[in-house]
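Observations on the model geometry
Single-letter residue listing:
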Amino acid sequence: LGPFHTVYDDKGYAYTSMFLDSAVARWTLGGPYASKHPEQPWTLVQKLPVQYNIGHIAAAEGDTASPDGQYVVALDKWSIDRFANVGPLMPQNFQLVDISQTGDKMQVLYDMPIGMAEPHYAQIIKAEKLKPWQVYPEIGWNPETQSVDPNAVKAGSEKIVRNGNNVEIWMSVIRSHYTPDLVELNKGDHVVWHLTSLERTPDATHGFAIPGYNINLSLEPGESQTVEFDADKDGTFPFYCTDFCSA
Ligand SMILES: [Cu+2]
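Since this is a predicted model, take the numbers as computed values, not measurements. (Residues numbered from 1 in each chain as written. Predicted model: local features only at pLDDT ≥ 70, side-chain atom pairs only at ≥ 80, totals over all residues. Heavy atoms only, no water.)

**Here's the deal with the coordination of the copper ion**
To keep it simple, the criterion reads: Note that water is not among the atoms used; donors are N, O and S atoms within 2.8 Å of the metal (3.2 Å for Na, K and Ca), so sites may look incomplete. Only protein chains enter the area calculation, which uses a 1.4 Å probe; residues under 20% of their type maximum are buried, those over 50% are exposed, and those in between are partly exposed.
Here the copper ion is held by His206 (ND1), Cys241 (SG) and Cys245 (SG), and the distances to it run 2.0 to 2.2 Å. Spacing between the donor residues of the copper ion along the chain follows H-x34-C-x3-C. We note that Cys241, like Cys245, is buried.

**So, unusual backbone geometry**
Spelled out, the test is: Note on conventions: DSSP H or I runs of at least 4 residues are helices, E runs of at least 2 residues are strands, and numbering of each starts at the N terminus.
Cis peptide bonds are those with omega within 30 degrees of zero, and the linkage from Gln51 to Tyr52 qualifies with -15°. One can find Tyr52 in the loop between strand 4 (44-49) and strand 5 (54-59). Omega for the peptide link from Thr179 to Pro180 comes to -5°, which places this bond in the cis form. Counting through the fold element by element, Pro180 comes out in the loop between strand 13 (177-179) and strand 14 (190-197). Phi at Ser22 takes a positive value of approximately 55°, unusual for a residue other than glycine. Its place among the elements puts Ser22 in the loop between strand 2 (13-18) and strand 3 (23-28). Given a relative accessible area of 11%, Ser22 falls into the buried group.

**Thoughts on the sheet that holds strand 5**
The strands making up a sheet associate through backbone hydrogen bonding, with each pair oriented either parallel or antiparallel. The condition that has to hold: Any two strands are treated as partners once DSSP identifies two or more bridges connecting them. In this analysis an axis means a line fitted to C-alpha atoms, helices contributing only their contacting stretch, and an angle means the value between N-to-C directions, from 0 to 180 degrees.
Strand order in the open sheet formed by 4 strands is 5-6-7-8, and the pairing between neighbours is antiparallel. Both outer strands of the open sheet, strand 5 and strand 8 (107-114), are each paired with one neighbouring strand and no more. Across the sheet, the axes of successive neighbouring strands diverge by a mean angle of 20°, strand direction being ignored. As judged from the 4 bridges shared by strand 5 and strand 6 (residues 71-76), these two strands associate in the antiparallel manner. Within strand 6, the position partnered with Ala58 by the bridge is Val73.

Remember that the coordinates give geometry; whether it matters functionally is a separate question.
Below, the structure is given as structure tokens:
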């Protein structure tokens, strides 16, 4: 009952999410796919219970011309009694289903609670298809323009320039240190603050927080960012790295 979505494998089976049944239905395709499985074409082979009320469903490489056929993930909307209850909001539940054997041998291998909104459409692709950057291509990279930011600084060229009430800061960021590490402003100044991470080490992310001004940045290795604010409060305001590298 309650069929929602259908995905495919490499053995001529289709998998349909059954919302009201809380099940994954495996059924056979016909035509050119009829010889890939031992059963009759267009036949229900197995209804595997999942916990609970599955909406979307994803098969490994399932939307390509060459599905992988090893795994399906059931994206279940409700978990109810599956995990320790910590309040009215219970987690969604992703379940990894082994579909590697033919016939009625599907089984749930693993539960993964998701503490956020209802799981919707998802894809599973081979990891080697992803070629992510580990650090930005050059120091001072602006991810919005995909180029080196004109306000990026190199080590040694950091500076603070005051022009009347306008103060512009070019700061570098590296493990355990911001340069400059002291910035003096007057109440009423307009502040433009450029930050450049000099890091080339993968995963060496730094942060930059001035809690007194509600400023909170994440600076990935090599990234450059600019933040702008009006210094409208008296006092001394600490700034520090929220990735806790001691800067
Ligand atoms: Cu840091």
